[in-house]
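Descriptive structure summary
Chain by chain, the residues run as shown.
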Amino acid sequence: PWVGRSHISVETVKQTLFVLAGKAHDSRSEFNDVYLSHDHGASWSLATNNAPWARRHSTSAIYFSDKMCLAGGESSERLLNDAWCTTDGIIWQQATNYAPWSSRKELGLASFRGSTWVLGGKQESRGLNDVFTSSDFTNWLLVTSAASWPARHSLLSTVLRGQLIVFGGISVAQDDGVWSSSDGMEWHLASRRAPFRRSPLLSLQIQDLMFVAEPPSLFEPARIWRSPDGVHWRPVVRSASWLGDIRHGTAASSGALVVVADSSSAGVWRRVTTAVSRTGRQLLAVPGAVVDLHIVSTGLDTVEIGWSANGDGGTPIDTWTVRYTVDGNAHQPVGTALGSQTGFVIGSGFDPSTGEPLPLCSHVTDIDIRATNADGEAPASNIVAAQTQCKPDPIVNLAFGQITGTTAVLSWTSPDDWGNAITTYQIYYTVDGVAHSMVSSGSSTNSFTIGSGSGTPASEPLASGKVITGINVRAKNGLGVADPSNTLSTTMPYTPSAITDLATGTVTSSTVPLSWTAPSNGGSAITQYEVRYTEAGTPKTILVDSTATSFTIGGGTGSPASAAMAPGTSVTAIDVRAINSVGTAPISNVMTETTLAYPNPISDLTVGTLTSTTIPLTWSAPIADGRAPITDYEVRYTVNGVAHSTVLTGSNTASFTIGGGGSSEPLSPGDSVTAIDVRAKSNAGTAPSSNVQSATTPTHPNAIVDVATGTVTATTVPLTWTAPNNGGASITDYEIRYTVNGVAHSPVLKGAGTTGFIIGGGGSSEALPHGASVTAIDVRAKNNVGTAVASN
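What counts, and at which threshold
Residues numbered from 1 in each chain as written. Predicted model: local features only at pLDDT ≥ 70, side-chain atom pairs only at ≥ 80, totals over all residues. Heavy atoms only, no water. Helix = DSSP H or I, 4+ residues; strand = E, 2+ residues; numbered from the N terminus. Buried < 20%, exposed > 50% of the residue type's maximum accessible area, 1.4 Å probe, protein only. Contact = heavy atoms within 4.5 Å. Areas by Shrake-Rupley, 256 points an atom, 1.4 Å probe, with all protein chains shown as cover. Pairing = 2+ DSSP bridges. Salt bridge = Lys/Arg side-chain N within 4 Å of Asp/Glu carboxyl O. pLDDT = per-residue confidence, 0-100.

Helix and strand content of the chain: 0 helices and 66 strands. When burial is assessed residue by residue, the chain has 47% of its 792 residues classed as buried. Across the chain, contacts joining residues at least 24 apart in sequence account for 54% of those joining residues at least 6 apart. Of the roughly 35000 Å² of accessible surface on the chain, 51% is carried by carbon and sulfur atoms.

Next up, the structure:
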């Protein structure tokens, strides 16, 4: 879309292609616009029509440190030495207005060792050969004012194999050489004469190769050359039909060569490295990488591989190259001239290769195959590995399985057979110093039982206590018998020893705990314990886990579970025996126990003297199991129909007062306390109910209702009455109240033994005067609870 122009600059930034600056074909106009393309030059858009730098042509651009920078050029016939940088082609920042290198155009730029390098250029009518470097495009350092190569402009520069390369351009000396340097100061002539007939106008690097475009002449078309080192060159495009004939720009875009012609037609050509486009042929037409390399077979000293070609890149395959490593040592590549070949035997000495026979028992790894045509070698194939054939490897993990009194099981993992199938396993061992005959087993198993009667000859049964040494197993295949495996030894086990310290713990009313020390296992791990006992005359056997050294009869564990027993159960003939793979140990020491019994029920619970708030209880201590003495008494009762919580007396004393405080709340006068029951407690449990008592707390007496007067005299008034209900507590007194001639007398107390009294009869009742009026006569009974209400 831009106006046709020459002397442009082309560069890429993060897969975006940029075209900038230049001058019109009529040389009257210069440009400071920037165009960009995201699709390798197929379509373009304007980034800016007026960049902040002066309109110019013959400037140089480079991608450096995540940005694109331009340097120098010519503007209105004035040479420049400024520098500008951008990350997007739109926003530019000036790196320097006047660099220390002199104003110039058509200078070379290269990115080398983390810095940017300015190489030569044109000043007025002469070329330059000075070299400057900068790490930031702002501060520049003179490396040399006169490099070894002749002064020139429009030169080409790149970096190959750690060397800074300069070649081409226009120089008075008409130098056709290629120059290289490792530091920019010391330069060496790498090639005295490159094959170009005309000075190349553009170059770039793709996949560690340098590509150079040679412009067309009146009689010859443009060409594209490539080189891996600047010394060795070959043409890859012999006729490039470019429209431009003055200047061209170039850039690498996603591994492709994009050529921008700067003629009036402004055409764009793209050369893709992996496919042929409509406008040109491939630049890198190497064969495709093999993806199906595989092992065909292995021999004693060979490994045969096979593959399928994955395209020749348009040029016939000349050779196949095999690379591989033997036992960790990389071998020189082995080649074969047969381009049509799809198989190779490593170690066969196949002519014209230099492959030597492989050692027996060798590991061949990192095998890959690569095709080569006139354009170069294909990438590496998929990697495979193999082993030459050998007798089997030694077994390294021979181990014991189950060992009984007469047999020992061996197991192992099949060793590497090196491609030659294992046919048998050979077993060797010595019994009590006597070597036994070889025993052979089939190849389909990874175990063998010594003493089982299997194998050839048959492996005879062993006996407890026999010492078996030198046990080893060796695999055999068609190439021989493996070296011995790791060696095992064992002593054939006995049954475990008898337990000698079986003991009982704290017995409860339902359980008997046992404990013991694990006995010697006889050389074979204990698998379980057998607990045997007789419960109330019934024999029982319980199996217990092998790690246990304790068990509780009646605790609900074991197999079958040992159920809880009744209080007072006799448990006799208790013994424990260990079991291993050989058998069961002899009987242990024998124990006998009886589960704890509850105390007997109380039969003489008695109620003592009641008060208005308490009921005292007493009883005789019942008979209890001597191993579980009485620790407490449990008192239960109901007050006025409401059951109270159970009260623990907190001692083994045979008495308790209901309502006496503590956990027994006080009663009220007249409370009906029923279902009084006392039970003894011990570690064995709680006894059955005692005899049951009931009581009612006493209250004050009832009111007298039949007070009567007898024959009155001049000085006395006799009284009589019937004794009232005493309220549950004996009447202690009677209280007589009366008033004489309107004056109330103090109450007179009369003992409880009578139901009569004479007012004025003496004692505490003074004689009455003649004609005295005696009123409000009232008699009330008293007990230790209180005084009755008034009588009639």
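From this point, things continue past the structure.
One face of the sheet, then the other: side chains in a regular strand alternate in exactly this way. For strand β9 (residues 78–86), a buried count of 8 out of 9 residues is recorded, marking the element as mostly surrounded by other parts of the structure. Here strand β8 (residues 67–75) runs beside β9; their pairing, made up of 7 bridges, is antiparallel. The residue bridging Ala71 from the neighbouring strand is Ala83, located in β9. In this antiparallel pair of consecutive strands, β8 and β9, the connection spans 2 residues, and Ser76 shows a positive phi of 50°. Judged from the 4 bridges that link them, β9 and strand β10 (residues 92–96) form a sheet pairing that is antiparallel. Residue pairing across strands places Cys85 opposite Gln93, the latter belonging to β10.

This part is about the pattern of salt bridges. Using the criterion set out here, one finds 19 salt bridges in the structure. A salt bridge links Arg104 to Asp130; its shortest N-O distance comes to 2.8 Å. Here Asp130 lies in strand β13 (residues 126–134) and Arg104 lies in the loop between β10 and β11 (108–112), a separation of 26 residues in the sequence. For Arg104, a relative accessible area of 0% corresponds to the buried category. The residue Arg577 makes a salt bridge to Asp575 at a minimum N-O spacing of 3.0 Å. Overall, the relative accessible area of 17% leaves Arg577 in the buried class. Three or more residues joined by partner-sharing salt bridges are found here, namely Glu634, Arg636, Asp677, Arg679 and Lys681.

Moving on: the environment of Val717. Looking at the element boundaries, Val717 is found in strand β61 (residues 717–720). With 44 residues separating them along the chain, Val717 and Gly761 place their C-alpha atoms 7.9 Å apart. Once residues lying within four places of it in the same chain are set aside, the contact partners of Val717 are Thr709, Val712, Phe757, Ile758, Ile759, Leu768, Val774 and Ile777.

Attention now goes to the confidence of the model for the chain. For the chain, per-residue confidence averages 85 on the pLDDT scale, and 89% of positions sit at 70 or higher. Taken element by element, the predicted model of the chain shows its lowest mean pLDDT in strand β25 (residues 268–271) (44) and its highest in strand β45 (residues 512–515) (97). Under a pLDDT of 50 for its full length, residues 269–284 has, in the predicted model, 50 contacts with residues more than four places off or in other chains. Contacts of residues 350–354 to residues separated by more than four positions or lying in other chains number 11 contacts, the stretch itself having pLDDT below 50.

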